[in-house]
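Coordinates in review
Letter by letter, the chains look like this.
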Amino acid sequence: QVQLVESGGGLVQIGGSLRPSCAASGRTFSTYVLGWSRRAPGKEREYVAAISWAGGTDYVESVKGRVTISRDNAKNTVYLQMNSLKPEDTAVYYCAAGGSFQLLLQQSPYYWGQGTQVTVSS
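To start, this report covers the structure provided alongside it. This structure is a prediction, so every number in the text was calculated from the model and none was measured. (Residues numbered from 1 in each chain as written. Predicted model: local features only at pLDDT ≥ 70, side-chain atom pairs only at ≥ 80, totals over all residues. Heavy atoms only, no water.)

1. Thoughts on the packing of aromatic side chains
Taken as a whole, this structure holds four aromatic pairs when the rule is applied. An angle of 70 degrees between the planes, with centres 5.5 Å apart, marks the rings of Tyr32 and Tyr110 as edge-to-face. One end of the pair, Tyr32, is in the loop between β3 (21-25) and β4 (33-39); the other, Tyr110, is in the loop between α1 (101-105) and β10 (111-112), with 78 residues separating them in the sequence. On the basis of relative accessibility, which here comes to 47%, the residue Tyr110 falls in the partly exposed class. Between Tyr110 and Tyr111, the ring centres sit 6.5 Å apart and the planes meet at 85 degrees, which makes this aromatic pair edge-to-face. Tyr111 gets classed as partly exposed once you look at its relative accessible area, which sits at 24%. Here a set of aromatic residues connected by ring pairs shows up, and it is made of Tyr32, Tyr110 and Tyr111. Above the plane of the ring of Tyr79 lies Arg19, whose end atom (NZ or CZ) is 4.1 Å from the centre. In this structure, Arg45 is placed above the aromatic ring of Tyr94, and the distance from its NZ or CZ to the ring centre is 4.9 Å. (Phe/Tyr/Trp six-rings, centres within 6.5 Å; stacked < 30°, edge-to-face > 60°. Helix = DSSP H or I, 4+ residues; strand = E, 2+ residues; numbered from the N terminus. Buried < 20%, exposed > 50% of the residue type's maximum accessible area, 1.4 Å probe, protein only. Lys NZ or Arg CZ within 6 Å of the ring centre and 35° of its normal.)

Below is the structure:
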C-alpha cells in the first residue's frame, strides 16, 4: 500500500521558518514528480511547488524566493523549506506524487498525503 506521510508543520511567527517533510512508502518514488499543495481556511487547495526526480523545480508565483523544494531519492522523502513566512501561508500542506508537473499543477496526482498544518501568527 502506498503512503505519503507529512511531518514538520507547526506554529510559527511572521517571518519565521518551517521545513515540512514527506516520507513515501510502499514503492519507489524516485521517478515520480513530488510536490506540495496547500488549502487555506475557506479556500480551495492550491499548488505550491514540485520537483522532478532529476531535481527540476517549479513554484507558484506567491512563494518564489521564500520557498525551496528538495528531495532525497534514497530516502523517498521530499522537503519544503519555507522562509519569511506570512499569515497568508497559513494552511494545511499536502504532499503529492504523480507522473508529471502538469498532474500536480492540476491537483490530480496519483497519491496524496494526509496533510500537515502550518500556522503563521503575529
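Having seen the model, we can carry on.
2. What about the pairing of strand β11 (residues 116-121)?
Here β11 shows one buried face, formed by Thr116, Val118 and Val120, and one open face, formed by Gln117, Thr119 and Ser121. Bridge analysis of strand β2 (residues 10-13) against β11 gives four bridges, and the strand direction is parallel. Bridge pairing in β11 links Leu11 to Thr119. Alignment of strand β9 (residues 91-98) against β11, held across three bridges, turns out to be antiparallel. The residue bridging Tyr93 from the neighbouring strand is Thr116, located in β11. (Pairing = 2+ DSSP bridges.)

3. Side note on the pattern of salt bridges
Scanning the entire structure with this criterion turns up four salt bridges. Between Arg38 and Glu46 there is a salt bridge, and its shortest N-O distance comes to 2.7 Å. Across the salt bridge formed by Asp89 and Arg66, the nearest N and O atoms sit 2.7 Å from each other. With a gap of 23 residues between them, Asp89 in the loop between β8 (77-82) and β9 and Arg66 in the loop between β6 (57-59) and β7 (67-72) connect regions that are remote in the sequence. Each of Arg38, Glu46, Arg66 and Asp89 takes part in salt bridges that share partners, so that together they form one network. (Salt bridge = Lys/Arg side-chain N within 4 Å of Asp/Glu carboxyl O.)

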